[in-house]
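Chain by chain, the residues run as shown.
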Amino acid sequence: MQSMKRKSLPSSRAGKISKSIELPIFAKIIKNLGFSVDSKNVINCEVSKFSADLCRYFIYNSTEVSSFVESLIDFLERKDNLLNCLQSTFRDDEIVASQDSLLRIMLGVESLQFRIICYLLEALATKCDSDEQLMRLIISHIRWLPFVSRPNAVIEECFTVLDACSESIQSQIISCLPEIVVDEQHDELAKRLCTIYETSPNPLLPVILDALSNLNTNLSTITTVHDSVLKTMQSCDLNDLPLMVRFCFRTSEDNYVKSMILNLRKHLDFGVFVHECVKTRSVESILIETIEMELRFQKRFVSEWFNIMETEVCVLLDVLFLIVIYKFAFEKKVLNCFRQFAKQNNTFTKTVINLIQNHSQAIKPYFNTMLTIANCLLPAMTDSTAIKSLCVSLYEELFLRYNVFSKQEIVSNLMSFAALKNKGECALNILSFLTLKYCEDMKRFSAFFQNLLELVDRMSLLRIKEIFICLSWLSIDTNTLQEGNLQNVETYMIIKKYFFSINLYYNKIAVIGLIALISVLCEQFAKILENVKVLCDKNLCALVEEVMKYLRKNVILRALFYEELSFLLLETDLPPIFSDFLSKMAIEEFQNDYIVDVVDGAVHNPRQVLVESTLRYSIDDDVEIALNMSGTITNEFKSSFSKICSAHFLIYPLLRIICSLEIKMHNNIDEIIGVIGCPIHMFNNSTISNFELLKSSHRQFICASLLCLINWFRELLNCFTVPVAAHSKQLILLRLDDLSMLQKTFIEKAAQTASFTPVITDFYKIESFEQLQMNCVKSSLGQSTSTNISSIASSDEDLIEDSSSKSISINYDHVFRELCLKVFDYLQYPCNLIEGNLCDTQSHISLLSFNFLLTDLLGKLKFFKRQSFTLTRSKISLDGYRNLHRFGIQHFLMQIPTIVGNLCHALHNFLKYFAENSANEDVDDVSRCDNNVSSSFGLLVEVLINIFSISTLSSSNNVDILTSCLQKMASFINNIYLDQHNINELVNVCLSIAFKFEDFLPNLIIAEKIVLFCASLSSFSSDSKVLVADLAKRLLSKKFEFPSKNIAKVNDAIGVISLQYFSETPNVLIEIDTVFNNVIERLTSDSRNSSCVDFQVINKNNFPIFLKSAFTVLVKCIKKLHKSTYENLNSWLDAVKCLHIFVNCAKNFKSRVVFVTCLKNAKLFIECFLKEGMPIMDHWFRKENIIVLNLIKILQHSTKFLQNVCLHLKTSKTTGLLPYVPGLKKVLEALIFRVRAMLELNGCEIAFWIGNLKNRDLDGNFISSQCNEDDNSDSSVHSNSSVIDEEEKVSENY
């Protein structure tokens, strides 16, 4: 009892105190519900129970809401009460984790929520400027509301408070807005935020974008927002750019992706980073990383971006896009874009350079990607100058912008490619470029070049020369030159090591390295002082004198040295002292070895020769010297059989060196012009007339002498292409005639000498003379490798070959000296087309010389086309065209306009001749030369065909060259120069050349070449293709003779002309239908050799050729009919009619060739119909069922006859044609079930049935034997409608 009394005392005292202090109404209510106001955030019950009781209380006592809120606000205004009410609550009976705060619980009461939010927002504006903790708690309570009772009012209140808050509080309020509003208000909120975005200061932009990105808005609203963002992108703070870009990517709908990318390309300017401080580089890097991240996970942007780049001009952001996505499995597509843009867009390379130059640090993480792209572009450098420029620029900028480790990575990559076939030449070109331009930076990598020389066995000598040039630049500096001791240069030490080798190939490498060293030294001499230059020149002469000790031991090495030195004279200006030294050395060796004195018209003290010799090809009567061709070759012939024909190796490069030095030193060649008319000491004409009676060794001697003389005259033409006097031009034209006749004679005599195999006059070949001659002996005499060569030579003296020796046609182009392109300037002189009349004046060349020049030019053109297509894929032979390869494709293209102009003069000459010959009534005098003139004209047209069919001629980089060629040809036709650059108009004018020659064509072979020439011209203009078709049709309508000797070539010509006729005709399907109905009707007459009236060229013998061309064009045409349009439906109907006509040809012309043509092309036609035609049938079956069923009905008749053809081939056991049968029957079966599927899809399955096919012959008669019944099936289409009569039973057997 006492204890109870002690306990009651405090309670009575508390009661007295509570009566004295009146509690606010909000405190009474929450106290009654279990929350103690006096204690610090202690709640006596569960939070959920307290919240539910509070909600229930105000539901039943709604009138007390206002007084409760006012009481609450008064309480919160007191010191620290607001902070306490925002903090977590705790239970008093146990230690538990923190629970919701008192205000958060009250915000869950619908009737209290809005007023409490208003108070909290007001508190943000008035009390939170210096109290970050209070601000964070209030924002947290507003952001994470369980629900929003009055969302519109809350948003309005938020925007009202914004104006009174600081920027930091504004950012917090805006960031929580997406969590407050409901989905229906997102569009309205986005618009209001967009308005604030346009007017607010920059610090608010990130938080506004973040809020906008969390809203679900419609397309129009997001478009408006994007426009606002993009407008401010160029004027915003750079630190906000990554967030703005991320916002654009993440808020774009699928149908807005294209517009967003276009706007981003327009407004995102990376140029702002160039003019800012270094600190912005990190922002730039973050921006690029943002773009990469968005593209990595949103592939829809990648595909759309590629589509945009196909039509839009490439900008810097596009290049960055390509680099970023390269490693996202888009390697091939990115490389294709780089190649395509480099060729089509002249500014693409500049854009790439701009990206690397101005943003090198930002894109540094993509260094390996850019290097990989450059490595992959290496093989394409030879295809286009634009790609070459892009690739070189990439390597240069990457080398220049990054540190030494990156430079080492670049150089090591290029070194690894240098020994490869495809990339080696291009990699060495770039290494040479970097070495010449950044020599000081490349010196630290000189050891790489020395290591590369260990792989010389895999490289050509021209590549090795590039390596030595680089090594020379890296090893020679100004100090070395001033010291004057060139023999201590590191490159020269390497060269001497190769000279000491016993391997001939390594000796050649030494020669190539020496020429490279001399070229670099000559360029370095121009940069030093005059007093030092004289010393360097003398040291260079001393160096060459020392090297000549090694070179005199081997004629091949000396010839290679002189050959390379002659090319060096064309490319580099040599110092005067060194030029005089070389001139004296060359002239002295030339005179001592090849020149003899002439006394009283005979050689003074002639050497002993194998056959009787005399002076020939003398132009002047009074001569004092002669070229001793027979004596030189005889001396080598007797000394060693294995060195036959080696003596003439030196004479050609020596002549070239002498002429080049003469031009360099005196700017003319007047002092050595006499060498053109220098007579030759060689065998007389009687030796040639008795050639068949000579011994084998004498025959070989004569052939070797002829070969030396041919190459001598070829080198004369090469050296004297510079402007000379009129008398000298006549001498050169005479030498051209002599060369043409000699080459013809040599080919005849060499073919009659089976034991003669000339040594290739290519000094770059690896084989030695002994190896080459051993191959000669083995191939000619059939002896084993162990046979003693000397015994063969001795026994060969008495060997006489009779006239019945087997003549073999061999191509000797690889053993002739290569003519330079300047030689073809002689084509501008009129050609004397009268046979037997050689060039009697200085203004004409003979027909034989004209053919000689055209043949050589045609060989160069074919090599050039071969090189363009195969250089990057496989190794091609450079025999006979090494100099053309040395100077490159672009050098050759630059000479094309001049060559075309010269050929146009020849065309004018031929046109004049044909016109006069046609008008001459007495044709007996000129008829004998028609064949020669015709073949020359055909050769001329073939050269033009090869010129205008060069693939690189139509590229954007060579438009000026193409235009110049067309202008020259158009000027020839109109006799005036056409100063216009419209290629279409120029082509149309040039095509009229065919109409000028149309009436003078002697045979179909020449007509074929004219058509091909016009087709090559029309490839540059699609508007002129119809003119080619008209020309081909007119030629097929003319009457030509059919010689029995060249009937195969005539048939090929008919096939080519027919193919061009059908290929270039606009409405080919209608044309085929019309033409073949007339042709077949005419050719089915009784006369075997009857021809068609409209096409007089076509008869029964060559009709299969005509059919094959038309069938080929038909198959090519239907491959384009893949779109489901009404026009294509009608086109397929016409195509099926054409197929029916072609198949019936096998019935009318039962020949093997016709069967082969029908079987092969019908299979291709049906395969294409299944792939492209049947989807169109499916699309139009319900709308145009009459057309579709009519098409199937016509196709049925054709396929039934094809089954009969297959049966005929099996029964007749035509083994040669049986391989075509299984493939055709397979596609016919596939067609049956495909048509059946189409009918079932459209509810017409009852109209289709399959039965056994009755065996018929080609005439349609039944065959009693049913042995092949199991291999064939018959399907028929029935129709209950009026489209197909049921009695007809449209069979679906194919």
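**Points about the overall build of the protein chain**
- A count of helical and extended segments in the protein chain gives 55 helices and 13 strands.
- When the 1294 residues of the protein chain are sorted by exposure, 54% land in the buried category.
- Of the accessible surface of the protein chain, which amounts to about 58,500 Å², a share of 50% is contributed by carbon and sulfur atoms.

**Description of the side chain of Ser-519**
- You can see Ser-519 is positioned in helix α30 (residues 504-525).
- Every residue in contact with Ser-519, bar those within four places of it in the chain, is listed here: Ile-469, Leu-568 and Thr-572.

**A few points about the pattern of salt bridges**
- Counting across every chain of the model gives 26 salt bridges.
- Note that Glu-563 is salt-bridged to Arg-817, the shortest N-O span being 3.0 Å. Here Glu-563, found in helix α32 (residues 555-571), pairs with Arg-817, found in the loop between α40 (789-795) and β9 (831-832); they are 254 residues apart in sequence, far enough to count as distant.
- Given a relative accessible area of 4%, Glu-563 falls into the buried group.

**Let's talk about a negative patch on the surface**
- Residues Asp-597, Asp-620, Asp-622 and Glu-624 make up a contiguous surface patch of negative charge.
- Considering the arrangement of structural elements, one finds Glu-624 in the loop between β6 (613-616) and β7 (625-628).

**Things to note about the pairing of β7**
- Both strand β4 (residues 595-599) and β7 contribute to a ladder of 3 bridges, which runs antiparallel. Opposite Asp-597, over in β7, you have Ile-625 as the bridge partner.
- As defined by bridge partners, β7 adjoins strand β8 (residues 680-683) across 2 bridges and the pair is classed as parallel. The partner of Leu-627 across the bridge, within β8, is Ile-680.

**Some words on the nonpolar core**
- Counting residues in each nonpolar core, the largest one holds 440 residues, and the members touching the most others are Trp-712, Phe-948 and Phe-1076.
- Top element by residues in this core is α30. It accounts for 15 residues.
- When neighbours within four sequence positions are excluded, Phe-1076 is seen to be in contact with Phe-1062, Phe-1103, Phe-1106, Leu-1107, Ala-1110, Ile-1141 and Phe-1142.
- In this structure, Val-596, Val-598, Leu-615 and Ala-626 belong to the second largest nonpolar core, which totals 6 residues.

**A word on the packing of helix α21 (residues 367-377) against helix α23 (residues 404-418)**
- It is at 11 Å that the axes of α21 and α23 come closest, and there the two elements cross at 25°. Comparing the axis directions of α21 and α23 gives the class roughly parallel. With respect to the hand of their crossing, α21 and α23 are arranged in right-handed fashion. Contact residues: α21 offers Phe-367, Leu-371 and Asn-375, while α23 offers Ser-406, Glu-409, Ile-410, Asn-413 and Phe-417.

**Examining helix α4 (residues 65-77)**
- Compared with the 18 Å implied by 1.5 Å per residue over 13 residues, the 18 Å span of α4 between its first and last C-alpha is a close match.
- Within the span of α4, buried status applies to Val-65, Phe-68, Val-69, Ser-71, Leu-72, Phe-75 and Leu-76. All buried residues of α4 project into a common sector of 165° when viewed along the axis, lining one side.

**Comments concerning the sheet that holds strand β3 (residues 90-91)**
- Taken together, 3 strands build an open sheet; the order of strands is β1-β2-β3 and the sheet is mixed. Edge positions in the sheet fall to β1 (35-36) and β3, since each has one partner strand and no second.
- The pairing of β1 with strand β2 (residues 42-43) spans 2 bridges and is antiparallel. By the bridge assignment for β2, Ser-36 is matched with Val-42.

**Some details on the sheet that holds β4**
- Strand order in the open sheet made by the 5 strands is β5-β4-β7-β8-β6, with mixed pairing throughout. Two strands close off the open sheet at either side, each with one partner strand: β5 (602-603) and β6.
- Summarising the sheet, β4 and β5 pair through 2 bridges and their orientation is antiparallel. Along β5, the bridge assignment pairs Val-598 with Val-603.
- Relative to β4, helix α33 (residues 576-594) is tilted by about 55°, and along the sheet it contacts β4 and β7.

**What to know about the environment of Met-244**
- Mapping Met-244 onto the fold places it in helix α14 (residues 241-250).
- Classification of Met-244 as buried rests on a relative accessible area of 0%.
- Considered as a pair, Met-244 and Pro-206 are 38 residues apart in the sequence and their alpha carbons are 7.6 Å apart.
- Residues within four places of Met-244 in sequence aside, it is in contact with Tyr-197, Leu-209, Val-229, Thr-232, Met-233 and Cys-236.

**Re the packing of aromatic side chains**
- In the structure shown here, the tally under the stated rule is 47 aromatic pairs.
- Ring centres 5.7 Å apart and planes at 55° place the aromatic pair Phe-561 and Tyr-562 in the tilted group.
- Residue classification places Phe-561 among the buried positions, given a relative accessible area of 1%.
- Judged by relative accessible area, Tyr-562 falls into the buried class, the value being 0%.
- Plain terms: the ring middles of Phe-914 and Phe-997 are 6.4 Å apart, the flat faces sit at 85° to each other, and that makes the pair edge-to-face.

**Comments concerning the side chain of Gln-298**
- Within the secondary structure, Gln-298 is located in the loop between α16 (280-297) and α17 (299-311).
- On the basis of relative accessible area, Gln-298 is assigned to the buried category, the value being 15%.
- Side chain to side chain, Gln-298 and Arg-300 meet in a polar contact 2.9 Å long.
- Setting aside residues no more than four positions away along its own chain, Gln-298 makes contact with Phe-249 and Arg-250.

**A word on the environment of Ile-30**
- Tracing the backbone shows Ile-30 in helix α2 (residues 25-32).
- Sequence separation of Ile-30 and Ile-43 is 13 residues, and the distance between their C-alpha atoms is 9.6 Å.

**Some thoughts on the environment of Ile-73**
- By the element assignment, Ile-73 lies in helix α4.
- The spatial distance from the C-alpha of Ile-73 to the C-alpha of Tyr-119 is 7.7 Å, given a sequence separation of 46 residues.

**Digging into the packing of α2 against α4**
- Contact geometry of α2 with α4 gives a least axis separation of 7 Å together with a crossing angle of 100°. With respect to α4, the axis of α2 lies roughly perpendicular. Across from Ile-25, Phe-26, Ile-29 and Ile-30 in α2, the residues of α4 making contact are Ser-67, Phe-68, Ser-71, Leu-72 and Phe-75.
- Of the residues belonging to the contact of α2 with α4, the class tally is 7 nonpolar, 2 polar and no charged.

**Structural notes on unusual backbone geometry**
- Phi angles above zero are rare outside glycine, and Ala-329 is one such case at about 65°.
- Mapped onto the elements of the fold, Ala-329 is located in the loop between α18 (316-325) and α19 (331-344).
- Its relative accessible area of 65% is what places Ala-329 among the exposed residues.

**Re the confidence of the model for the protein chain**
- Overall, the predicted model of the protein chain reaches an average pLDDT of 77, with 80% of residues at or above 70.
- When the elements of the protein chain are averaged for pLDDT, α40 gives the smallest value, 31, and α21 the largest, 91.
- Within the model, the stretch residues 638-645 combines pLDDT values under 50 with 17 contacts to residues more than four positions away or in other chains.

**With respect to the state of the cysteines**
- Scanning the model with the defined rule gives 0 disulfides in all.
- Between Cys-337, a cysteine without a disulfide, and Cys-314, which holds the nearest cysteine sulfur, the sulfur-to-sulfur distance is 8.7 Å.
- On the basis of relative accessible area, Cys-337 is assigned to the buried category, the value being 9%.

**Remarks on α19**
- Spanning 14 residues, α19 covers 20 Å between terminal C-alpha atoms, matching the ideal 20 Å at 1.5 Å per step.
- Taken as a whole, α19 has its buried residues at Val-334, Leu-335, Cys-337, Phe-338, Phe-341 and Ala-342. All buried residues of α19 lie within an arc of 155° about the axis, which places them on one face of the element. Turned more than 90 degrees from where α19 packs its buried face, Lys-332 and Gln-344 sit exposed.
- As for α19, its buried residues are in contact with α17, α18, α20 (348-358), α21 and α22 (385-401).

Rules used throughout
- Here the residue numbers are simple positions, counted from 1 along each chain's written sequence.
- Reporting in this predicted model follows two pLDDT cut-offs: at least 70 for local features of residues, and 80 or more for side-chain atom pairs to be given and counted; totals over whole chains, interfaces and linings ignore these cut-offs and use all residues.
- Excluded from the side-chain calculation are hydrogens and water; included are all heavy atoms of the structure.
- By the criteria applied, helices consist of DSSP H or I runs no shorter than four residues and strands consist of E runs no shorter than two, each listed in order from the N terminus.
- We call a residue buried when its accessible area falls under 20% of the maximum for its residue type, exposed when it is over 50%, and partly exposed in between, using a 1.4 Å probe and counting protein chains only.
- A 1.4 Å probe and the Shrake-Rupley method give the accessible areas. Residues count as covered only by the protein chains that appear here.
- The contact criterion used throughout is that any non-hydrogen atoms of two residues lie within 4.5 Å.
- Each salt bridge in this description consists of a side-chain nitrogen of Lys or Arg and a carboxyl oxygen of Asp or Glu lying within 4 Å of one another.
- Residues with no salt bridge and a relative accessible area higher than 30% make up the patches, which join like charges within 9 Å and nonpolar side chains (Val, Leu, Ile, Met, Phe, Trp, Tyr) within 5 Å.
- Asp and Glu count as negative and Lys and Arg as positive, but His and the ends of the chain are not part of the count.
- A charged residue contributes its charge at one atom only: NZ of Lys, CZ of Arg, CG of Asp or CD of Glu.
- Pairing between two strands is assigned when DSSP locates at least 2 bridges connecting them.
- The nonpolar core is taken to be a set of buried Ala, Val, Leu, Ile, Met, Phe, Trp, Tyr and Cys residues, with the residues joined through side-chain atoms within 4.5 Å.
- Here an angle of 0 to 180 degrees is reported between the N-to-C directions of two axes, which are lines fitted to C-alpha atoms, with helices fitted over the stretch in contact.
- For classification, angles of less than 35 degrees are called roughly parallel, those exceeding 145 degrees roughly antiparallel, those between 65 and 115 degrees roughly perpendicular, and all remaining angles oblique.
- By convention, the crossing between two helices is left-handed when the near helix turns anticlockwise from the far helix through less than a right angle, and right-handed when the turn is clockwise.
- To estimate the expected span of a helix, subtract one from its residue number and multiply by 1.5 Å.
- Here the arc refers to the set of directions running from the helix axis out to each C-beta atom.
- Between rings of Phe, Tyr and Trp, where Trp is taken as its six-membered ring, a pair exists when centres lie within 6.5 Å; planes separated by under 30 degrees are stacked, by over 60 edge-to-face, and by other angles tilted.
- Definition of a polar contact: a pair of N or O atoms within 3.5 Å, with one able to donate and the other able to accept a hydrogen when the atoms are protein atoms, and with sequence-neighbouring residues admitted only if both atoms are side-chain atoms.
- Basically, the charged four are Asp, Glu, Lys and Arg, the nonpolar ten are Ala, Val, Leu, Ile, Met, Phe, Trp, Tyr, Cys and Pro, and anything else, Gly included, counts as polar.
- Residue-level confidence of the predictor is summarised by pLDDT, bounded by 0 at the bottom and 100 at the top.
- Cysteine sulfur pairs qualify as disulfides if the two atoms are within 2.5 Å.

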